[in-house]
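Commentary on secondary and tertiary structure
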Amino acid sequence: QERLVESGGDLVQPGGSLRLSCTAFEFTLRPYAVSWFRQAPGKEREGVSCIGAKDGRTYYADSVKGRFTISKDDAKNTAYLQMNNLKPDDPAVYYCAADPTRLPCERFEHLEIWGRGTPVTVSS
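Here's what I pulled together on the structure shown here. Note that the coordinates shown come from a computational prediction; the quantities given were computed from them, not determined experimentally.

1. What to know about the state of the cysteines
Summed over the entire model, instances satisfying the criterion amount to 2 disulfides. Here C22 pairs with C96 through a disulfide, and the sulfurs are 2.0 Å apart. Across the S-S bond of C22 and C96 the torsion is about 75°, and the bridge reads as right-handed. Taken together, the positions of C22 in strand β3 (residues 18–25) and C96 in strand β9 (residues 92–99) put the pair 74 residues apart, joining distant regions of the chain. We classify C22 as buried; its relative accessible area is 0%. Sequence-ordered numbering of the bonded cysteines in the chain gives a disulfide pattern of 1-3, 2-4.

Structure follows, in structure tokens:
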């Protein structure tokens, strides 16, 4: 069955860096936009970043702009989220999701396939 699997979550110190991966299984990721979300305890799920399938257009939430970078490698069937200068507000479970519609990905709609998340912890 079609699924996404996240990996790369870990415990890092404030100011540290982490690279998350989102790999597609049993389907080709190329025609999908990919979004990254995060959810911390007691908070709503937040759309962090996304990248379009056709033109590679990217979006970043204000809270991560300038620190996080999204990318997609269709040859590896994988999307990435490079996270730099991690802050105490960044800890959460991070999820990826795929959108086949080719609509602007920052709408965070029509998310057809979801991963189960990878946890990120920021602590001294």
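2. Some details on the environment of L18
In this fold, L18 is placed in strand β3. Under the relative-accessibility criterion, L18 is labelled buried at 10%. In this structure the C-alpha to C-alpha distance between L18 and V120, which are 102 residues apart in sequence, comes to 8.7 Å. Once you skip the residues sitting within four places of it in the chain, L18 turns out to touch G8, G9, D10, V12, L81, Q82, M83, L86 and V120.

3. Some thoughts on unusual backbone geometry
The phi torsion at E26 lies on the positive side, around 65°, for a residue other than glycine. When its relative accessible area of 61% is taken as the criterion, E26 is described as exposed. Located in the positive-phi region is R102, a residue other than glycine, with phi close to 70°. Relative to the assigned elements, R102 resides in the loop between β9 and β10 (113–114). Look at R102 and you get exposed, because its relative accessible area is 51%.

Thresholds, definitions, all that
- Residues numbered from 1 in each chain as written.
- Predicted model: local features only at pLDDT ≥ 70, side-chain atom pairs only at ≥ 80, totals over all residues.
- Heavy atoms only, no water.
- Disulfide = S-S within 2.5 Å.
- Helix = DSSP H or I, 4+ residues; strand = E, 2+ residues; numbered from the N terminus.
- Buried < 20%, exposed > 50% of the residue type's maximum accessible area, 1.4 Å probe, protein only.
- Contact = heavy atoms within 4.5 Å.

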